Amino acid sequence: MTKKGFIFDLDGVIVDTAKYHFLAWKKLAKGVGVDFTEIQNEQLKGVSRQKSLEKILEWGNKTLSEEEFNRLMSLKNEDYLTYVENMKEEEILPDVPKVLNFLISKEQPLALGSASKNAHTILDKVNLLEKFDAIVDGNGVKIGKPNPEVFLNAAKLLGVNPNDCIVFEDAKAGIEAANAAHMISIGIGDQSVLNEADYVFKDFTEISLDFLEDIMANKITKQTKTNLSNDK
Ligand code: B16
Ligand code: MG
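About the thresholds
Residues numbered from 1 in each chain as written. Chains lettered and ligands numbered in written order. Predicted model: local features only at pLDDT ≥ 70, side-chain atom pairs only at ≥ 80, totals over all residues. Heavy atoms only, no water. Donors = N, O, S within 2.8 Å, 3.2 Å for Na, K, Ca; no water. Helix = DSSP H or I, 4+ residues; strand = E, 2+ residues; numbered from the N terminus. Buried < 20%, exposed > 50% of the residue type's maximum accessible area, 1.4 Å probe, protein only. Near = heavy atom within 4 Å. Polar contact = N/O pair within 3.5 Å; in protein donor to acceptor, adjacent residues only side chain to side chain. Areas by Shrake-Rupley, 256 points an atom, 1.4 Å probe, with all protein chains shown as cover. 1 Å grid on protein atoms, 1.4 Å probe; cavity = no way out; pocket = protein on both sides within 12 Å on 5 of 7 lines; lining within 4 Å. Sits in = over half its atoms within 2 Å of the grid points. Nonpolar A, V, L, I, M, F, W, Y, C, P; charged D, E, K, R; others polar. Domains from an automatic or database assignment. Contact = heavy atoms within 4.5 Å. Buried area = accessible area lost by both parts, 1.4 Å probe. Salt bridge = Lys/Arg side-chain N within 4 Å of Asp/Glu carboxyl O.

Another point: the coordination of the magnesium ion (ligand 2). Here the magnesium ion (ligand 2) is held by Asp9 (OD), Asp11 (O) and Asp170 (OD), and the distances to it run 2.0 to 2.1 Å. The motif formed by the donor residues of the magnesium ion (ligand 2), counted along the single chain, is D-x1-D-x158-D. With aspartate 9 in the loop between strand E1 (5–8) and helix H1 (18–31) and aspartate 170 in the loop between strand E4 (165–169) and helix H8 (172–180), this residue pair connects regions lying 161 residues apart in the sequence. A relative accessible area of 4% places aspartate 9 in the buried class. Relative accessible area serves as the criterion here: at 10%, aspartate 170 is assigned to the buried category.

Right under this line is the structure:
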């Protein structure tokens, strides 16, 4: 069995922190007279904190001084962290522990590849920190998703060739990053949003252990995807 590098995004893959990001951004945006919808919020998934605020201000046609911009980013994070503070293991998305434990039992290296600067805190809150051999988060990258840097750094830390890595992602920007890194991209969520992914599953309950075995056995690669009975 080949050693692969399994890289997991955090928000939307391991836990659903998107709802907390949305609440915190919504409150902050309201304060500066900007409103945005849950549909627009989709575009903030996988996107850095700074880029998210830039987008929100753009939607509301607002410009701010650098000082005010930085102040709002800190305020948003403070508010967001009040939700994170109360997070518990129960918030781990269905079948995530099953998949992580299976891969660990097969001695496969696991990494986190997230845009969030709070990834460490969140993993600690839900007791998953020790499952990962490497953590690459928003503090460790210069250019965010869709740039592949986050996933390439994770592959390097795992000591696995990027071609032997598999990325689980819920955001369009993250799928683009995985593809740019020449890794197998697995979308978690909606097929219509994640149509650039090699495979898409609604959530981890849809991913069988046989599918994971097939990845490890090189039966599933970027090239063979069209031969398999996948929605794509
Ligand atoms: P923070 P992921 C991303 O996490 C979120 O999807 C995105 O909405 C957020 O803006 C970004 O992290 C930065 O988060 O403010 O905590 O640094 O999906 O890449 O795990
Ligand atoms: Mg995500």
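This next bit is on the site of ligand 1. Around ligand 1, the surrounding shell holds 19 residues, and the nearest of these are Val47, Ala115, Ser116, Lys117 and Asn118. Within the side chain of arginine 49, an N or O atom sits 2.7 Å from an oxygen atom of ligand 1. Contact with the protein chains hides 98% of the accessible area of ligand 1, taken as 470 Å² for the molecule alone. Among the cavities detected, the one that contains ligand 1 is the largest pocket. Every element with two or more residues in the shell around ligand 1 is listed here: helix H3 (49–59) and helix H4 (66–84). The class makeup of the residues in the shell around ligand 1 is 5 nonpolar, 7 polar and 7 charged. Both domains that meet at the shell around ligand 1, namely domain 1 (5–16 + 90–216) and domain 2 (18–84), each give it at least three residues.

This paragraph deals with the domain arrangement of the protein. Parsing the protein into structural domains produces domain 1 (5–16 + 90–216) and domain 2 (18–84). Taken together, the contacts link 13 residues of domain 1 with 12 residues of domain 2. Looking only at domain 1, the three residues that lose the most surface to domain 2 are Asp11, Asp16 and Asn118, adding up to 39% of its buried area. Taken together, the connections running from domain 1 to domain 2 amount to 0 salt bridges. Between the two partners, domain 1 and domain 2, sit 4 residue pairs in polar contact (both at pLDDT 80 or more). Counted by class, the side of domain 1 that touches domain 2 contains 4 nonpolar, 2 polar and 7 charged residues.

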